[in-house]
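# Commentary on secondary and tertiary structure
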Amino acid sequence: MSKRDFLDTGFSTRAVHVGQDPDPETGAVIPPLHATSTFVQKEFGQPGKYIYSRSGNPTRSALEANLAALESAQHGIAFASGCAATDSIMRLLPPGSHVIAGTDLYGGTYRLFEQVLRDTGLNFEYVDTTQVDAISAAWRDETAMVYIETPTNPLMAMTDLRAVADLTRERDVRLVVDNTFMSPYLQRPLEHGADLVLHSTTKYINGHSDSIGGVVMTNDDDDAERLVFLAKSVGATLSPFEAWLIQRGVKTLAVRMDRSQDTTERIVDLLVEHPKVERVYYPGLESHPQHELAKRQMDGFGGMVAFEVADMDAVKRLLDSLTVFTLAESLGGVETLISNPASMTHASIPKEEREARGVRDGLIRISVGIEDADDLIADLSQGLERL
Ligand SMILES: Cc1ncc(COP(=O)(O)O)c(C=O)c1O
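Rules and cut-offs
Residues numbered from 1 in each chain as written. Predicted model: local features only at pLDDT ≥ 70, side-chain atom pairs only at ≥ 80, totals over all residues. Heavy atoms only, no water. Salt bridge = Lys/Arg side-chain N within 4 Å of Asp/Glu carboxyl O. Helix = DSSP H or I, 4+ residues; strand = E, 2+ residues; numbered from the N terminus. Buried < 20%, exposed > 50% of the residue type's maximum accessible area, 1.4 Å probe, protein only. Pairing = 2+ DSSP bridges. Axes fitted to C-alpha atoms, helices over the stretch in contact; angles between N-to-C directions. Phe/Tyr/Trp six-rings, centres within 6.5 Å; stacked < 30°, edge-to-face > 60°. Lys NZ or Arg CZ within 6 Å of the ring centre and 35° of its normal. Domains from an automatic or database assignment. Contact = heavy atoms within 4.5 Å. Buried area = accessible area lost by both parts, 1.4 Å probe. Polar contact = N/O pair within 3.5 Å; in protein donor to acceptor, adjacent residues only side chain to side chain.

### Overview of the pattern of salt bridges
One pass over the full model with this rule turns up 19 salt bridges. Arg91 serves as the salt-bridge partner of Asp87, at 2.8 Å between the closest nitrogen and oxygen. In this structure, Glu355 and Lys351 form a salt bridge, with 3.2 Å as the shortest nitrogen-oxygen distance. Pair noted here: Glu355 and Lys351 are both in helix 13 (residues 351-356), with a separation of 4 residues, about one helical turn. You can call Glu355 partly exposed: its relative accessible area is 32%. Given the relative accessible area of 42%, Lys351 is considered partly exposed. Members of the salt-bridge network, linked through shared partners, are Lys351, Arg354, Glu355 and Asp361.

Structure follows, in structure tokens:
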């Protein structure tokens, strides 16, 4: 056992130490990876703490304790992916429930809601949750959950978590926040009244684009117990290997995020000044309509930025000219990723609807990594000069 639990320490100290006691037998500073499906029972009828890895595994438990400590949560339950985490949260609801969800959700979440969970008797309604009144207007007797992402992808629009939590608390329904975009380092929705927080750990938490995983965090004992039960019953649990990798990644989360944010500021400065860039979407800009809210509910403005150039031709010219930026979907890794939502992540949304949401052809999204800022700035500058 460690000499202390580290729960009263700063973010990075917790990230490095919570659940990470050195191995008592060997003294290994890094706890071992428990790659096992089952656990010996030393005596008949006397199983130990762990029985079978679908139900529980020490490497996974260590990660769950670590992530919960970062998100101001009592409980963390790890899943095989962010989508599996969302699916399990939805299984907390009885059939017939009405869910108010944000219009700007990750496409895979929308697909899960519409093409899988609707058939199980859940009813989803999409509203612009940046307007709290829109949530009140959509309310029904059967409303059992509000499900949001803030900031949204790719336009970085924000929902006032405290205002929505006041509404959901008053009516005794769950507020769920997908916090993937910010990571617990920059935003902790449970502190603003949310009931459940989920992450695709695939993104910032793991941070190295080399694993898929998800986690749900909560302070509600009953929901936590049910989620643990669902995880073991359905079996969409995180493997020990993935848990070990994610644990290694999360230890550097704050350092990666700080670096990414510093570089993002420089990239934003370049974009704002450039004559061929028509609009820049970044909550750190004073011109962002919710800049004040961003300052209030986040501890930084993050490493995601979107901007607009004239049209798809300009997008192609710019993206094909970059050599340090990687043209790919996803986000939150150490490498800077750049994408065109209209033709990539949001291509499945009809053009008219997409444009009505503000996702025009010329929109480009960047997830800023940790390469040298000078190299990224030089690469982007030469690309913009071709427009
Ligand atoms: C905001 C957000 N939530 C959830 C997911 C789903 O996560 P996963 O790919 O780990 O299933 C993603 C994936 O891109 C995402 O961007």
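Now that the structure has been shown, the text picks up again.
### Regarding the sheet that holds strand 3 (residues 123-127)
Two strands in a sheet stick together by hydrogen bonds in their backbones, pointing the same way (parallel) or opposite ways (antiparallel). Ordered in space as 1-7-6-5-4-2-3, the 7 strands form an open sheet in which the pairing is mixed. The open sheet has two edge strands, strand 1 (75-79) and strand 3, and neither has a second partner. On average, each strand axis in the sheet is tilted by 20° relative to the strand beside it, whichever way the strands run. Sheet topology note: the strand 6 (residues 196-200)/strand 7 (residues 214-218) ladder contains 5 bridges and is antiparallel.

### Structural notes on the packing of aromatic side chains
By the definition in use, this model includes 6 aromatic pairs. Where Phe11 meets Tyr185, the ring centres are 5.1 Å apart and the plane angle is 55°; that geometry is what we call tilted. In this pair, Phe11 sits in helix 1 (residues 11-17) while Tyr185 sits in helix 7 (residues 183-186), placing the two residues 174 residues apart along the sequence. Side by side, Phe11 and Tyr185 carry an identical accessibility label, which is buried. Look at Tyr282 and Phe301: their rings are 6.4 Å apart centre to centre, the planes differ by 70°, and that puts the pair in the edge-to-face class. Taken as a pair, Tyr282 in the loop between strand 8 (279-281) and helix 11 (291-297) and Phe301 in the loop between helix 11 and strand 9 (304-308) lie far apart in primary sequence, 19 residues in all. These aromatic residues form a ring-pair network of at least three members: Phe113, Phe124 and Tyr147. One cation-aromatic arrangement involves Arg171 over Trp139; the distance from NZ or CZ to the ring centre is 4.5 Å.

### Topic: the domain arrangement of the protein
For the protein, the assigned domains read domain 1 (11-250) and domain 2 (254-385). Of the residues lining the interface, 34 residues belong to domain 1; the matching set on domain 2 comes to 35 residues. Around 2,900 Å² of area is buried between domain 1 and domain 2 when both sides are counted, 57% of it from carbon and sulfur atoms. Between Arg296 and Asp160 there is a salt bridge, with the nearest N and O atoms lying 3.4 Å from each other. Counting across the domain 1 and domain 2 interface gives 17 residue pairs in polar contact (both at pLDDT 80 or more). When contributions to the side of domain 1 that touches domain 2 are tallied by element, the ones reaching two or more residues are helix 1, helix 6 (161-170), helix 7 and helix 9 (240-250).

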